[in-house]
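Take a look at the letters that make up each chain.
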Amino acid sequence: MSEEDDAFEFEAKIQRGNGTDDRDTFKAKVSANTIDELDERVQEIRSKIEDWAVEFRHIQPDDEQQLPEDQATLVN
């Protein structure tokens, strides 16, 4: 470890759901020079991941994929 490297590091992988179409996975890695700083950074990234998870849950694939309007009536 060089003098430039942080002394503490934390990495987490968080997964919600267990089905192929019902699963969100988030990874986060934070580091800091002190354990207090690391704790603060972990709390910050946790809050951000919670926000992102809510946003990503609202992204759902359409049940029926729509063709672009210009391809809806293709002729052979």
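Scoring rules and cut-offs
- All chains use their own residue numbering, which begins from 1 and follows the written sequence.
- A pLDDT threshold of at least 70 governs which residues receive local features in this predicted model, and a stricter bar of 80 or more applies before side-chain atom pairs are shown or counted, although totals over entire chains, interfaces and linings include all residues.
- The side-chain numbers reported here are obtained from all heavy atoms of the structure, hydrogens and water having been left aside.
- Here a patch means residues that are over 30% exposed by relative accessible area and free of salt bridges, tied together within 9 Å if like-charged and within 5 Å if nonpolar (Val, Leu, Ile, Met, Phe, Trp, Tyr).
- Exposure was quantified through the Shrake-Rupley algorithm and a 1.4 Å probe, taking into account, for residues, occlusion by the shown protein chains and nothing else.
- A carboxyl oxygen of Asp or Glu within 4 Å of a side-chain nitrogen of Lys or Arg is what we treat as a salt bridge.
- Only four residue types enter the charge count, namely Lys and Arg as positive and Asp and Glu as negative; His and the chain termini do not.
- Positions of charges follow a simple convention, taking NZ of Lys, CZ of Arg, CG of Asp or CD of Glu.
- The helix count covers DSSP runs of H or I at least four residues long, the strand count covers runs of E at least two residues long, and both are numbered beginning at the N terminus.
- With a 1.4 Å probe rolled over the protein chains alone, any residue whose accessible area is under 20% of its type maximum counts as buried; one over 50% counts as exposed, and the rest are partly exposed.

Student: Please clarify how a negative patch on the surface should be interpreted in this entry.
Tutor: A cluster of acidic residues, Asp36, Asp39, Glu40 and Glu44, forms a negative patch on the protein surface. Within the secondary structure, Asp36 sits in helix 1 (residues 35-57). Residue Asp36 is classed as exposed on the basis of its relative accessible area, which comes to 61%.

Student: Please clarify how the pattern of salt bridges should be interpreted in this entry.
Tutor: Once their charged atoms are close, side chains differing in charge can pair, the charge on each being opposite to the other. Tallied over the full model, the rule gives 3 salt bridges. With its nearest N and O atoms 2.7 Å apart, the salt bridge here joins Arg41 to Glu37. Within this pair, Arg41 and its partner Glu37 are both found in helix 1, separated by 4 residues, close to a single helical turn. Here Glu37 falls in the partly exposed class, since its relative accessible area comes to 26%. A salt bridge links Glu50 to Arg46; its shortest N-O distance comes to 3.4 Å. Of this pair, Glu50 and Arg46 both sit in helix 1, 4 residues apart, which is roughly one turn of that helix.

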